[in-house]
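Residues per chain are reported as follows:
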Amino acid sequence: MPLHDLISGLTPDQFPVYVYDLAALREHAAAVRAALPERVELYYAAKANPEPAILAALGSAVDGYEVSSGGELAHVRAAVPDHPLAFGGPGKTPAEIESALRLGVRRWHVESEHELRLLAALASAADGPVDVLLRANLPVADGSLDSVKLAMGGRPTSFGLDPALVSRCVRLLAEPGFERLRLVGVHAHLASGLAAEAQLAVAEQVVEWSLAMAERHGITLEEVNVGGGMAVDYADPAARFDWTAFGTGLAKLLDRHPGLTLRIEPGRALTSYCGYYATEVLDVKQSHGEDFAIVRGGTHHLRTPATRGHDQPFTVLPVADWPHPWERPAVTTGRVTVAGQLCTPKDVLAAGIPVAELRAGDRVVFAMAGAYAWNISHHEFLMHPRPGFHFLG
Ligand SMILES: *Cc1c(COP(=O)(O)O)cnc(C)c1O
């Protein structure tokens, strides 16, 4: 396997490394696209992993990219210049709005009434109409979001507009001064981590609510964006979100609403699986009856397990060589906690995991490190060297 060949060929000082399997990413993204009906547009939420090679590898499968800051906008625009962008996220500054309009961003996920007013006031910087989706924080049926770790809606949050405020903004959009803005739809990204059936139930509620709202106002909506948040199961690296069931369900939903376009904007479920964080075991020691392996690097490179509270799945690549005359430190109990080099007890990548054998000098390869991994981590803490970056395929 090319991944293991690459890792075996590195010297200890070349670790840790991030390796991205771009061929696998292209294949996965194409399968996701193929599972979705035609009237579902697929956007990639760039914040999950904005590596230029990743953005480019997704290019043929996605309809566009969702960006959430002026920085992401400039970066994504440079990496994939020909793709449409949608600009979302709370707290857009006037300068960001103006430069995004100048750069030709035509799709906006509006988070508040003040932002809508700012956008209208600055829209003369655009050389055409500006499409607006109002981000709604909808009440969803009890229990709909119970299974998730990150809920952005259905409760008080800093995201989007309550239903009454959506109505206010719809009325505002008909007033003088808002002529350059075109209300095309509703955007709702309510939670991250929903399995296909739950995701579909939420999508149905969002669509039904949006269309009922439009009817009350006597307007037509072209599009409903039901967000991202498709589940990724770190406890089971082989499991995948059921894109086929989701696509089939969305097709049924679209059958009930001819003329409507749906959009989704997953991040994690697209890019998690293509990324690996590989490193060398520096030391193995016993502490109060438990085994600890200390690796080069740690959660300053891969913060995800510490912040989400999961064990990052890994495999061991044994290295036969042991250059020292003393006994090789090794796991003695059949279980290991893998920790990094930081001086904090939170620097744990995986805790109490069964292993047949693990010794100092062996290599470990953490899987599912392609989303919210390097780019969400606190790189400067303790000033260890940065990992190397490798792209396969
Ligand atoms: C983060 C985010 C996404 C992507 O979420 P995932 O859980 O990575 O799929 C999509 N839309 C919005 C508005 C977001 O903030």
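These lines cover the structure that appears in this document, whether it is placed above or below. Note that the coordinates shown come from a computational prediction; the quantities given were computed from them, not determined experimentally.

Here is what the cut-offs are and how they apply
Counting from 1, residues in each chain are numbered in the order their sequence is written. Per-residue local features are limited, in this predicted model, to residues with pLDDT of at least 70; the limit for side-chain atom pairs, both in listing and counting, is 80 or more; totals at the level of whole chains, interfaces and linings are taken over all residues. To get the side-chain values, take all heavy atoms of the structure and skip hydrogens and water. Whether a residue is near a molecule or strand depends on its heavy atoms: if one lies within 4 Å, it is near. For the purposes of these results, a polar contact is taken to be a pair of N or O atoms within 3.5 Å, where, inside protein, one atom must be able to donate a hydrogen and its partner to accept one; residues adjacent in sequence count only when each atom of the pair is a side-chain atom. Here the accessible surface of atoms and residues is derived via Shrake-Rupley with a 1.4 Å probe, and residues count as covered only by protein chains that are part of the display. Throughout this entry, Asp, Glu, Lys and Arg are counted as charged residues, while Ala, Val, Leu, Ile, Met, Phe, Trp, Tyr, Cys and Pro are counted as nonpolar. The remaining residues, Gly among them, count as polar. Secondary structure elements follow DSSP: runs of H or I no shorter than four residues count as helices, runs of E no shorter than two count as strands, and numbering proceeds from the N terminus. Throughout, a residue-residue contact means that at least one pair of heavy atoms, one from each residue, lies within 4.5 Å. Side-chain rings of Phe, Tyr and Trp, where Trp is taken by its six-membered ring, are said to pair if the distance between their centres is within 6.5 Å; with planes under 30 degrees apart they count as stacked, over 60 as edge-to-face, and otherwise as tilted. Per-residue accessibility, obtained with a 1.4 Å probe over protein chains only, is compared with the maximum for each type, and a residue is labelled buried under 20%, exposed over 50%, and partly exposed between these values. Placement of a charge over a ring requires the Lys NZ or Arg CZ to be within 6 Å of the ring centre, with the centre-to-atom vector within 35 degrees of the ring normal. Think of the arc as the fan of directions from the helix axis to the C-beta atoms.

Description of the site of the ligand
K47, S192, G229, E265 and Y372 are the nearest of the 14 residues found near the ligand. Within the contact set of the ligand, an oxygen atom lies 2.8 Å away from a backbone nitrogen or oxygen of R268. With respect to the ligand, the side chain of Y372 contributes an N or O atom lying 2.5 Å from an oxygen atom. Isolated, the ligand exposes 390 Å² of accessible area, and the fraction of that covered by the protein chains is 92%. Within the shell around the ligand, the residues separate by chemical class into 3 nonpolar, 6 polar and 5 charged.

So, the side chain of R33
The residue R33 is located in helix α2 (residues 22-35) in this model. Among the polar contacts listed, one links the side chain of R33 to the backbone oxygen of P37, at a separation of 3.0 Å. Look past the residues within four positions of R33 in its chain and what remains in contact with it is E38, V40, E41, L42, A61 and D63.

Description of the packing of aromatic side chains
For the structure on display, the rule yields 14 aromatic pairs. Measuring from centroid to centroid gives 5.9 Å for Y18 and Y20, while their planes differ by 10°, and the two rings are stacked. With respect to burial, Y18 and Y20 carry one shared label: buried. Linked through ring pairs, Y18, Y20, Y277, F314, F366, W374, F389 and F391 together constitute an aromatic cluster. Against the face of Y273 rests R240, its NZ or CZ located 3.5 Å from the ring centre. Lying across the ring of Y43, R263 places its NZ or CZ 3.7 Å from the centre.

As for helix α4 (residues 70-79)
Restricting attention to buried positions, one finds in α4 the residues G70, E72, L73, V76 and R77. Buried positions in α4, seen along its axis, are confined to an arc of 155° and lie on one side of it. Among the exposed residues of α4, those oriented more than 90 degrees off its buried face are G71 and A78. Where α4 is buried, its residues contact α3 (52-57), β3 (64-67), β4 (85-87) and α5 (94-102).

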